[in-house]
Amino acid sequence: MLILIIFVIIFVFCNNVWAEKLCIRIIDGKTVYTNLCNNKSIIYKKNTKPPFYSSLSLPLKTELEKIVEEKAKSYGVDAKLIKEVIREESNWNPYAISPKGAMGIMQLMPQTAILLGVKNPFDPIENIDAGIRYMKYLLEKFDGNISLALAAYNAGPSLVESLGRIPNIVETQNYVRRISFRYNGTTSDSLLKSRPIKAIILFDGTVIYTNREDMYIWSKMR
């Protein structure tokens with residue numbers, strides 16, 4: 001019983017540490033992003049700027065947009081889509097750190113940043129370059145399906161690939177819906193297809209069968 005209690009305490013402590021800080025360590029000559037920090041680590045606490053950027057102001061949005069346009073063009077990805085992802089992820093803040101440890105303007109998770117060869121996730125040029133490369137990979141992986149690529153960016157490609165659709169996760173569905181609406185003015189078809197069909201009786205007695213949630217809510221208000 002005592003061992004179990006100790007394990008629970010350690011588990012809770014480790015999770016709280018992970019949520020509160022993230023650091024960079026050099027292990028075997030390689031840069032690693034981790035929550036296992038020591039006195040020699042560069043530590044980033046959530047909702048704060050990295051220490052070596054503390055004296056700098058945020059870059060102008062126009063400068064960041066120019067970087068996006070140049071990088072997106074070089075990788076063959078629509079710059080408008082990337083801009084909407086950035087707006088959703090960090091609202092153009094290169095120093096953003098999420099409670100889950102996502103870093104920088106495109107909110108790269110530590111393992112993703114390392115995989116993409118990112119040395120400084122808070123350098124907007126490096127972060128945007130890696131984020132666009134990652135989005136290009138997701139678009140190719142899901143045969144150009146933007147909704148699935150966005151869902152994978154938010155919830156992870158393994159989950160989306162295993163389901164073959166947008167996961168039934170409210171955060172992910174809202175994420176895809178908001179970006180899709182701003183990007184092309186419509187909600188995601190994949191989201192609509194994943195909802196059950198309901199019979200709706202309109203105020204004049206007309207019966208409509210639909211999977212559109214907004215139609216269901218609208219009919220209830222009549």
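For the structure given in this document, a descriptive report is provided here.

Definitions and cut-offs
- Residues numbered from 1 in each chain as written.
- Predicted model: local features only at pLDDT ≥ 70, side-chain atom pairs only at ≥ 80, totals over all residues.
- Heavy atoms only, no water.
- Core = buried A, V, L, I, M, F, W, Y, C linked by side-chain atoms within 4.5 Å.
- Buried < 20%, exposed > 50% of the residue type's maximum accessible area, 1.4 Å probe, protein only.
- Helix = DSSP H or I, 4+ residues; strand = E, 2+ residues; numbered from the N terminus.
- Contact = heavy atoms within 4.5 Å.
- Axes fitted to C-alpha atoms, helices over the stretch in contact; angles between N-to-C directions.
- Parallel < 35°, antiparallel > 145°, perpendicular 65-115°, else oblique.
- Left-handed = near helix turned anticlockwise from the far one by under 90°.
- Nonpolar A, V, L, I, M, F, W, Y, C, P; charged D, E, K, R; others polar.
- Phe/Tyr/Trp six-rings, centres within 6.5 Å; stacked < 30°, edge-to-face > 60°.

### Some points on the nonpolar core
Logical step 1: In this structure, Ile82, Val85, Ile86, Met106, Met135, Leu150 and Tyr153 are the most contacted members of the largest nonpolar core, which totals 40 residues.
Logical step 2: Of all elements in the fold, only α2 (61-75), α3 (79-89), α5 (124-141), α6 (146-155) and α8 (170-184) reach the threshold of two or more residues within this core.
Logical step 3: Counting residues per element, this core draws most heavily on α5, at seven residues.

### Description of α3
Logical step 1: Of all the positions in α3, only Ala79, Leu81, Ile82, Lys83, Glu84, Val85 and Ile86 are classed as buried.
Logical step 2: Buried residues belonging to α3 abut α2, α5, α6 and α8.

### Examining the packing of α3 against α5
Logical step 1: Between α3 and α5, the shortest axis-to-axis distance is 11 Å and the interhelical angle comes to 115 degrees. One way to sum up the angle between α3 and α5 is to call them roughly perpendicular. Between α3 and α5 the crossing geometry is right-handed. Counted together, Leu81, Ile82, Val85 and Ile86 of α3 and Ile128, Ile132, Met135 and Leu139 of α5 form the full contact between these two elements.
Logical step 2: Partitioning the contact of α3 with α5 into residue classes produces eight nonpolar, no polar and no charged.

### A few points about the packing of aromatic side chains
Pairs of aromatic rings are described using the distance from one ring centre to the other and the angle between the two planes.
Logical step 1: For the structure on display, the rule yields two aromatic pairs.
Logical step 2: When the centroid spacing of 6.3 Å and the interplanar angle of 20 degrees are considered together, the rings of Tyr134 and Tyr137 count as stacked. Remark: Tyr137 and Tyr134 occur in helix α5; sequence separation between them is three residues, near one turn of the helix.
Logical step 3: Given a relative accessible area of 13%, Tyr134 falls into the buried group.

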